[in-house]
Amino acid sequence: MTETPETTREHSAGQPPRQPKPPQPTATNGGFALAESSVEDVFDSSYREKDGPKPPVRLVWRNIVLMILLHSGAVYGAVLIPDHRVHHKYSETDADPHNALRGFFFSHIGWLLVRKHPDVLEKGRKLELSDLRADPVVMFQRRHYKMSVLLICFLVPMLVPWYLWGESLTVGYFLPGLLRYTVTLNSTWLVNSAAHMWGNRPYDQTINPRENRFVAFSAVGEGFHNYHHTFPFDYSTSEYGHKLNLTTAFIDLMFRLGLASDRKKVSQATIRARAQRTGEASNKSG
Ligand SMILES: [Zn+2]
Ligand SMILES: [Zn+2]
């Protein structure tokens, strides 16, 4: 898929970087909506970290045990969207749930094993989440999350090879079940760790998130992270359509089947203007 600049509206090239943008009404054209964020995922530059010593790290043993058992993703997943919004809004600060300035381990998995920083809780409580509560699909998933994870993440991968080609249930449980889940979880977490540390910043060099092709590959698209944090409302999380981005291909397929609509996309002109204004001069993404 290629970009469709004619169907998108530009952000003003003269606008200063990292300014929160007010929600805008959206209009659609050929399945693409205007590229404005209607949710709280735009960086808030007015937040200041508090002075003084940081609160002590408090381990949450229940989470540590659950993580060891690889069930934490299932338990934790239901509340990941608010965390993601706080991450975008207060990136690389105390109010960022997986603040990458606290190191690779913390941003990768450590943040799931300790009590949240008080600022994460405080800012999280102030988030506007009514759009999620009004979404019947999101609420259905939230209501049936544990059961659907058990079914789709463990039972189906275990039973399919057993039923179709006589694999043992033990192999089905440990390889397509647990091993695949472990690899998938760690690939996803690389977005919060590696993609905030290694790679170039062609769109905004004032922020930490980077373009990381390895993470883009392993997380099926989410590794174009400098782009994603610069334009968080772009459904594709990338300038380059389907390249290393199976997630975009999936959303586009759903659109063709009539199951998705209002794909928000940033125009090429806006991307180039922003890259020239705030990006690293010599870098090319992807
Ligand atoms: Zn994101
Ligand atoms: Zn990020």
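What you see is a predicted model; the values in this text were computed from it and never measured.

Basis of the calculations
- One numbering rule holds for all chains: residues counted from 1, following each sequence as written.
- Lettering of chains starts at A and numbering of ligands starts at 1, both following the order in which they are written.
- Owing to the predicted nature of the model, reporting of local features is limited to residues with pLDDT of at least 70; listing and counting of side-chain atom pairs is limited to 80 or more, with chain, interface and lining totals taken over all residues.
- Helix and strand assignments follow DSSP, with helices taken as H or I runs no shorter than four residues and strands as E runs no shorter than two, numbered in order from the N terminus.
- Put plainly, a residue is buried at 20 or more neighbouring C-beta atoms within 10 Å of its own, exposed at 12 or fewer, and partly exposed in between, counting only other residues' C-beta atoms, which are placed from the backbone.
- Note on contacts: residues are paired as contacts if their backbone-placed C-beta atoms lie within 7 Å.
- UniProt positions are given in the numbering used here, feature names are shortened, and annotations may be inferred rather than shown by experiment.
- Working definition: the nonpolar core is a set of buried Ala, Val, Leu, Ile, Met, Phe, Trp, Tyr and Cys residues, joined through C-beta atoms within 7 Å.
- As used here, the arc is the angular range of directions from the helix axis to the C-beta atoms.
- Under this scheme, a helix contributes an axis fitted over its contacting stretch, all axes are lines through C-alpha atoms, and angles between N-to-C directions fall in the 0 to 180 degree range.
- Just so you know how the angles are binned, under 35 degrees is roughly parallel, over 145 roughly antiparallel, 65 to 115 roughly perpendicular, and the rest oblique.
- Note: crossing handedness is left-handed where the near helix turns anticlockwise from the far helix by less than a right angle, and right-handed where it turns clockwise.
- Each residue carries a pLDDT score, the predictor's own confidence in it, on a scale running from 0 to 100.

Draft legend 1. Structural detail: the overall build of the protein chain. When helices and strands are counted, the protein chain shows 13 helices and three strands. Buried residues in the protein chain amount to 30% of all 286 residues. Contacts spanning at least 24 positions in sequence make up 64% of the contacts within the protein chain whose residues lie at least 6 apart.

Draft legend 2. Layout of the environment of Asn 226. Mapping Asn 226 onto the fold places it in helix α11 (residues 225-230). For Asn 226, a count of 28 C-beta atoms within 10 Å gives the class buried. Taking C-alpha positions, Asn 226 is 7.3 Å from Pro 202, a pair spaced 24 residues apart along the chain. With residues near it in sequence (within four places) discarded, Asn 226 still touches Arg 201, Pro 202, Tyr 203, Asp 204, Pro 209, Arg 210 and Glu 211.

Draft legend 3. Representation of the UniProt feature "transmembrane region" (unreviewed entry) in the protein chain within the structure. The positions UniProt marks with the feature "transmembrane region" (unreviewed entry) are residues 60-81 and 147-165. Along residues 147-165, the helical share is 100% and the strand share 0%, with 26 Å between the first and last C-alpha atoms.

Draft legend 4. View of helix α3 (residues 80-89). Every buried residue of α3 is listed here: Asp 83, Arg 85, Val 86, His 87, His 88 and Lys 89. In this structure, the buried side of α3 is in contact with α5 (118-125) and α11.

Draft legend 5. Quick look at the nonpolar core. The biggest cluster of nonpolar side chains holds 17 residues, and the ones touching the most others in it are Leu 190, Val 191, Ala 195, Val 215, Ala 216 and Ala 219. At the level of secondary structure, the elements contributing two or more residues to this core comprise α9 (169-192), α10 (213-218) and α13 (268-278). The biggest single contributor to this core is α9, with three residues. Among residues more than four places away in sequence, those in contact with Ala 195 are Leu 190, Pro 209, Arg 210, Asn 212, Val 215, Gly 223 and His 225.

Draft legend 6. Summary view of α13. Listing the buried residues of α13 in full gives Ile 271, Arg 274 and Ala 275. Down the axis of α13, the buried set is contained in an arc of 100 degrees. They therefore lie on one face. Each element contacted by the buried residues of α13 is listed here: α11.

Draft legend 7. Focus on unusual backbone geometry. With a phi close to 50 degrees, Leu 244 is a non-glycine residue in the positive phi region. Look at Leu 244 and you get buried, because 20 C-beta atoms sit within 10 Å. The backbone of Asp 262 sits at a positive phi, close to 55 degrees, despite the residue not being glycine. Positionally, Asp 262 belongs in the loop between α12 (246-256) and β3 (263-264). For Asp 262, a count of 13 C-beta atoms within 10 Å puts it in the partly exposed group.

Draft legend 8. Here's a closer look at the environment of Leu 59. Secondary-structure assignment places Leu 59 in the loop between β2 (32-33) and α1 (61-68). Between the C-alpha atom of Leu 59 and that of Leu 113, which follows or precedes it by 54 residues, the distance is 6.0 Å.

Draft legend 9. Seen up close, the packing of helix α8 (residues 145-165) against α9. It is the contact of α8 with α9, at a shortest axis distance of 8 Å, that shows an interaxial angle of 135 degrees. In terms of their interaxial angle, α8 and α9 are classed as oblique. With respect to the hand of their crossing, α8 and α9 are arranged in right-handed fashion. On α9, the residues touching Cys 153, Phe 154, Pro 157, Met 158, Leu 159, Pro 161 and Trp 162 of α8 are Leu 169, Gly 172, Tyr 173, Pro 176, Gly 177, Arg 180 and Tyr 181.

Draft legend 10. Molecular detail of the confidence of the model for the protein chain. Looking at the protein chain as a whole, the pLDDT averages 82, with 78% of positions reaching at least 70. A low-confidence stretch, residues 1-28 stays under pLDDT 50, and its non-local contacts, those more than four residues away or across chains, total 56 contacts. Within the model, pLDDT remains below 50 along residues 70-76, and this stretch shows 14 contacts once partners closer than five positions in the same chain are excluded.

Draft legend 11. Representation of the environment of Met 158. Within the secondary structure layout, Met 158 lies in helix α8. Overall, the presence of 21 C-beta atoms within 10 Å leaves Met 158 in the buried class. Along the sequence, Met 158 and Gly 172 sit 14 residues apart, while their C-alpha atoms lie 4.1 Å from each other. In this view, Met 158 contacts Leu 169, Gly 172, Tyr 173, Pro 176 and Gly 177; residues no more than four positions away in its chain are not counted.

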